[in-house]
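# Report on the structure
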Amino acid sequence: MIAVLNCSYVPLVDAAPLIVAKELGYAEEEGIHLNLSKETSWSSLRDKLMYGVIDAAHMLAPLAVSLAKQGVIVPQVLSLNGNCFVAGDELAAYLHERAMRFNDAACLGQCLVSRGRVRIGVPFLASMQALLLRYLVRKSGADPDLVLDFVVSPPSLMGAKLQNGEIECFMVGEPWGSLAVAQGLGQIFLTSSAVWQGAPEKVLAISPNVLNMKSSQIFALMRACARAGRWLSENRDPGAVAELLAKPDHLDCAAELLEHSLSGRFILNEQGHYGIDKRALVFGGPEVSFPWVSQSAWIAQEMQIDLAQSHVGFRPDLYRAALESLGGAMPAASSKLEGALCHPRAVSANKDLVLGPDAFFDGQIFDPD
Amino acid sequence: MTEPLHIVVIDPNKERAFLIVDALRESDDYRISVIGETTGLARRLGEMTPDIILVDFEDPARDSFEQVISALGPAQRPVAMFVDQTDNQMMRAAIEAGVSAYVVDGLRKDRIKPVLETAVARFHAFARIKAELEATKTALAERKTIDRAKGLLMKSRDLSEDDAYALLRKTAMDQGRRVSEVAEALVTAAGLLL
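Just so you know, these numbers come straight off a predicted model, no measurement behind them. (Residues numbered from 1 in each chain as written. Chains lettered and ligands numbered in written order. Predicted model: local features only at pLDDT ≥ 70, side-chain atom pairs only at ≥ 80, totals over all residues. Heavy atoms only, no water.)

Our focus in this paragraph is the pattern of salt bridges. All names here are of chain A. In the structure shown here, the tally under the stated rule is 33 salt bridges over all chains. In this structure, Arg-227 engages Glu-30 in a salt bridge whose closest nitrogen and oxygen atoms are separated by 2.9 Å. Taken as a pair, Arg-227 in helix α12 (residues 215-234) and Glu-30 in the loop between α2 (26-29) and β2 (32-38) lie far apart in primary sequence, 197 residues in all. Using a relative accessible area of 19% as the deciding quantity, one classes Glu-30 as buried. (Salt bridge = Lys/Arg side-chain N within 4 Å of Asp/Glu carboxyl O. Helix = DSSP H or I, 4+ residues; strand = E, 2+ residues; numbered from the N terminus. Buried < 20%, exposed > 50% of the residue type's maximum accessible area, 1.4 Å probe, protein only.)

Set out below in structure tokens:
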């Protein structure tokens, strides 16, 4: 009998590796029946994982790290980057006055600081959105606590909250930024890769007890997701991927909306101006999905979680064990200097492995040691 | 005698919230408040000092509620319940019923359990009532369509009511469809043609 794995995701474009793993039959080929279900909130996804209702989840990397002490394990990264910063009319005018160009993170940082206090929507506090915004403001010379008023909202309500003035801007995963633009409620000024080009965004999170009981199935799921990630990164037809994700079973929305982040070509405003960012949302093999210990260390530092090395949750050892049989390249190290690469560069590995750029907007380098 | 537990139910669905209130009210161990309208949630929760907060698990705004709840003062800050704090079986039942609970630190398990059990039972009961209501509504709507289709047949083919229904039923059986589907198709077609 084929083993069933229950896995939940929040309907966003970056859930693509799981959806593709199922729809293109990678999961089945690896010998598991992947039972996918959608969640309406991160809290609910977290609770289902913690109480063993599901085996695995598509999770915000910082949320997963914050749960490491409770035993949550991250054996794989699913995607890098992928969030859009959207401003409502008033803040947009302020940014235009200060000559803010698409993806000029330094300029956005200065503008947020000079503005004083900004009410900003994020989907969850333990999220890359919140961490990157805090980083941006801090490196622009101000105390994030004094500048950013975070308002946690479901992405589906961000547009309405912009309209009624409850928030002035927001940062969320796609398609919600593009939707706000399409509805004429806001303008995209930045994708999160402009703050950090190599931010681990969503990870595969495994519930504490599942690994012992179902390790071979979890490994199968990881291989299926890695193959799906590779397929997504090599696919030259964003329209076809968009159609697949947009199905009622999955994201249940207009496929056109999903194409922006999949192609890296964003419509920024009602005037139809374009912004191009090929690193806006990145899927792929080990160059993307390897869970670097240094990534979780950066997250832990930003969240002021004091995690002993063994509690960090990111598990390169499991990644190697699961993906070895696929025969792809595997990094030799488990940790790297975050932010050291301004351009793609080959790294030490058993085969050719080129890591994409991972620079921070301010050129800083994070050394986990 | 211990202080009564203050339970706050955040639920825009008033009927369901009151089902829980009714069930818990009989005991002197509880004081219950319901928040249906979530604007000003932070201020209202701050005044209430709840021991247990019950939230609809499926509410898309749950993440917002959680931010507000976790921002309450340290003395009165209920947290999401985790495995070490309670019994796993009970929490799974709660999740499956669609209840999530936030509980102040240090509250004894035996005081949480009956509250959750009651909430779970009431959520189930509510879901059942809702499903029954939906089924009734659908049946009524189908009945209406069938009546209209019968009327159309009686008029255009000069049939009696019984014959009109017999024709609908025969067509449905021949095509392997439900009578209501055939009736719906007929009504739609008639709407387009006439």
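For the rest of this paragraph, the subject is the domain arrangement of chain B. For chain B, the domain assignment lists domain 1 (5-131) and domain 2 (135-193). Between the C-alpha centres of domain 1 of chain B and domain 2 of chain B the distance comes to 47 Å. (Domains from an automatic or database assignment.)

A cluster of nonpolar residues, B:Leu192, B:Leu193 and B:Leu194, forms a patch on the protein surface that exposes about 450 Å² of accessible area. On the secondary structure map, B:Leu192 appears in helix α7 (residues 179-193). (Patch = residues over 30% accessible without salt bridge, like charges linked within 9 Å, V, L, I, M, F, W, Y side chains within 5 Å. Areas by Shrake-Rupley, 256 points an atom, 1.4 Å probe, with all protein chains shown as cover.)

A word on the pairing of strand β3 (residues 56-60) of chain A. All names here are of chain A. β3 sits mainly inside the fold: five of its five residues count as buried. Here β3 shows two buried faces, one formed by Ala-56, His-58 and Leu-60 and the other by Ala-57 and Met-59. By the bridge criterion, five bridges tie β3 to strand β10 (residues 200-206) in an arrangement that is antiparallel. Note on β10: the bridge partner recorded for Leu-60 is Lys-202. (Pairing = 2+ DSSP bridges.)

This paragraph deals with the domain arrangement of chain A. All names here are of chain A. The domains assigned to chain A are domain 1 (3-80 + 200-251 + 282-333) and domain 2 (83-198 + 269-276). Centre-to-centre separation of domain 1 and domain 2, based on C-alpha positions: 26 Å. At the junction of the two partners, domain 1 supplies 18 residues and domain 2 supplies 17 residues. Both faces considered, domain 1 and domain 2 share a buried interface measuring about 1,500 Å² in area, 69% of it formed by carbon and sulfur atoms. At the surface where domain 1 touches domain 2, the tally comes to one salt bridge. Summed over the shared surface of domain 1 and domain 2, the result is four residue pairs in polar contact (both at pLDDT 80 or more). Elements represented by at least two residues in the side of domain 1 that touches domain 2 include exactly α3 (42-50), α4 (61-66), β10 and α16 (293-302). When residues of the side of domain 1 that touches domain 2 are assigned to their parent elements, the largest contribution, four residues, is made by α16. By residue class, the composition of the side of domain 1 that touches domain 2 is 12 nonpolar, three polar and three charged. (Contact = heavy atoms within 4.5 Å. Buried area = accessible area lost by both parts, 1.4 Å probe. Polar contact = N/O pair within 3.5 Å; in protein donor to acceptor, adjacent residues only side chain to side chain. Nonpolar A, V, L, I, M, F, W, Y, C, P; charged D, E, K, R; others polar.)

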